[in-house]
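The chain contents come next:
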Amino acid sequence: MDVDTRLLRYFAAVAAEGNLTRAAARLYVSQPALTKQIRQLEGLLGVELFVRSRAGMALTPAGEALAGRVPGLLTEWNLALRETRQAAGRAARVLRVGFLASAANEATPRIIAEFARRQPGWRVDMRQASWGDPTGGLADGEVDSALLRLPFPGQDRLRVRELFSEPRWVALASGHPLVERESIAFADLLDEPFVAAPAETGAWRDYWLGVDERAARTPRIGAVTDQPDEWLSAIANGYGIALAPESSARFYARPGITYRPVTGVAPSRVGVVWKAESDTDPVVRAFVECCTELCSGTD
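Rules and cut-offs
Residues numbered from 1 in each chain as written. Predicted model: local features only at pLDDT ≥ 70, side-chain atom pairs only at ≥ 80, totals over all residues. Heavy atoms only, no water. 1 Å grid on protein atoms, 1.4 Å probe; cavity = no way out; pocket = protein on both sides within 12 Å on 5 of 7 lines; lining within 4 Å. Points joined across faces, edges and corners; volume = space filled by probe spheres on them. Helix = DSSP H or I, 4+ residues; strand = E, 2+ residues; numbered from the N terminus. Nonpolar A, V, L, I, M, F, W, Y, C, P; charged D, E, K, R; others polar. Pairing = 2+ DSSP bridges. Axes fitted to C-alpha atoms, helices over the stretch in contact; angles between N-to-C directions. Contact = heavy atoms within 4.5 Å. Buried < 20%, exposed > 50% of the residue type's maximum accessible area, 1.4 Å probe, protein only. Polar contact = N/O pair within 3.5 Å; in protein donor to acceptor, adjacent residues only side chain to side chain. Core = buried A, V, L, I, M, F, W, Y, C linked by side-chain atoms within 4.5 Å. Right-handed = clockwise from strand over helix to strand, strands pointing away.

Student: Can you walk me through empty space enclosed by the protein in this structure?
Tutor: Space left empty within the atom packing is revealed by a probe, the size of a water molecule, rolled over the atoms. Tallying each qualifying case throughout the model produces one cavity of 30 Å³ or more. Taken together, 17 residues make up the lining of the largest cavity; nearest its centre are Trp-131, Trp-204, Trp-208, Trp-231 and Leu-243. Ranked by the residues each element gives to the lining of the largest cavity, the list is headed by strand β11 (residues 242-245), at four residues. The residue makeup of the lining of the largest cavity, split by class, is 14 nonpolar, one polar and two charged.

Quick look at the structure:
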């Protein structure tokens, strides 16, 4: 019997959450779609995995047996997939680099060009990640290195070299009353609804909501998005405002959105990130050195 690993991931999420609604949010799928997938898995296995009730989803004895095995199965599959992709990248002489937003800003093309000069025959494949994964695909082995906004969840388990910092600004709908100001105090934004990253991103979402500067005041969430286009649309349509790097005014300029400097919040930081096992990889090291040298003095 062949079972799609996607079904096992869905099962694992429901087993962990004990609730379809929370599991669906965690997986970024609709609840009806998730229900259908769980029923499909039960049909394939010929067993009932959950007892459904108003209180949630409780595992049956069969479900408990499967739940004990699935994490290990998925871990092994992820490892096999990661090693396969890494081998393919090495064979093709491709360095996969994940990034969020504008990566290293204007330094990015210079970094790629310098890397190609130092590593003849190699090229960089830049892969933009959704904001639902602040590691840019590095945690799941999708990439070899990444250019990321700091801090992000799991940062302490990875190698990080900070490259530069830039002020955080605020993005507002152009019709917002605060647009008339040249600069805006963060204290004047505390009651505004914010466009936020998914809750699963934890500390990364909190950072871009300015939680540390709120003195325990809970942010108002007007919309949740994990893609730049959705983020821009939510702001332009007036669902909320958002903190953003100063460079967003250049890289994400759009009619209907105005960017303004914000006082009272710490700056955004950008770093190049890689895994500890890549410390001895000369290709990854070359990329890190390119980033370090070409981003020095850009604060």
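Student: Sorry if this is basic, but what is going on with the sheet that holds strand β13 (residues 268-274) here?
Tutor: The strands making up a sheet associate through backbone hydrogen bonding, with each pair oriented either parallel or antiparallel. Read across the sheet, five strands follow the order β4-β3-β5-β13-β6 without closing on themselves; strand pairing throughout is mixed. The sheet is open, and its two edges are formed by β4 (123-128) and β6 (159-166), each paired on a single side. Each strand axis lies, on average, 25° off the axis of its neighbour in the sheet, ignoring direction. Bridge count between strand β3 (residues 94-99) and β4: six bridges; the pairing is parallel. Note on β4: the bridge partner recorded for Val-94 is Arg-123. Each of β3 and β4 touches helix α5 (residues 107-118); the most contacted strand, β4, lies at about 150° to it. Sitting on the sheet, helix α9 (residues 282-295) touches β3, β4, β5 (145-150), β6 and β13, and the angle it makes with β6 is about 20°.

Student: I tried to follow the environment of Glu-166 on my own but got confused; where do I start?
Tutor: The topology assignment puts Glu-166 in strand β6. For Glu-166, a relative accessible area of 6% corresponds to the buried category. For Glu-166 and Pro-245, which are 79 residues apart along the polypeptide, the C-alpha to C-alpha distance reads 6.5 Å. Only 3.1 Å separates the side chain of Glu-166 from the side chain of Asn-105, close enough to count as a polar contact.

Student: Would you take a moment to explain the nonpolar core for this structure?
Tutor: The nonpolar side chains of a soluble globular protein tend to be buried with one another. The biggest cluster of nonpolar side chains holds 44 residues, and the ones touching the most others in it are Val-170, Phe-186, Leu-189, Trp-231 and Tyr-259. Of all the elements in the fold, those that place two or more residues in this core are β5, β7 (168-173), β9 (193-196), α6 (203-208), α7 (228-236), β11 and β12 (257-263). Setting aside chain neighbours within four positions, we find Leu-189 in contact with Val-170, Leu-178, Ile-184, Phe-194, Ile-241 and Val-262. In terms of nonpolar packing, the next biggest core, distinct from the first, is built from 24 residues, Phe-115, Trp-274, Ala-286 and Phe-287 among them.

Student: Could you clarify how one ought to interpret unusual backbone geometry in this entry?
Tutor: Residues Leu-150 and Pro-151 are joined by a peptide bond in cis, for which omega reads -5°. Mapped onto the elements, Pro-151 comes out in the loop between β5 and β6. Phi is positive for Ala-103, which is not a glycine, with a value near 55°. Relative to the elements of secondary structure, Ala-103 occurs in the loop between β3 and α5. Given a relative accessible area of 4%, Ala-103 falls into the buried group. For Asn-105, which is not glycine, the phi torsion reads 60° and is therefore positive. Structurally, Asn-105 can be placed in the loop between β3 and α5. Look at Asn-105 and you get buried, because its relative accessible area is 7%.

Student: It is not clear to me how the pairing of strand β10 (residues 220-224) should be interpreted in this structure. Could you clarify?
Tutor: Every regular strand shows the same layout, with side chains that alternate between the two sheet faces. The pairing of β9 with β10 spans four bridges and is classified as parallel. Residue pairing in the sheet places Ala-196 in a bridge with Val-224 of β10. Regarding topology, α6 serves as the crossover connection from β9 to the parallel β10, and that connection is right-handed.

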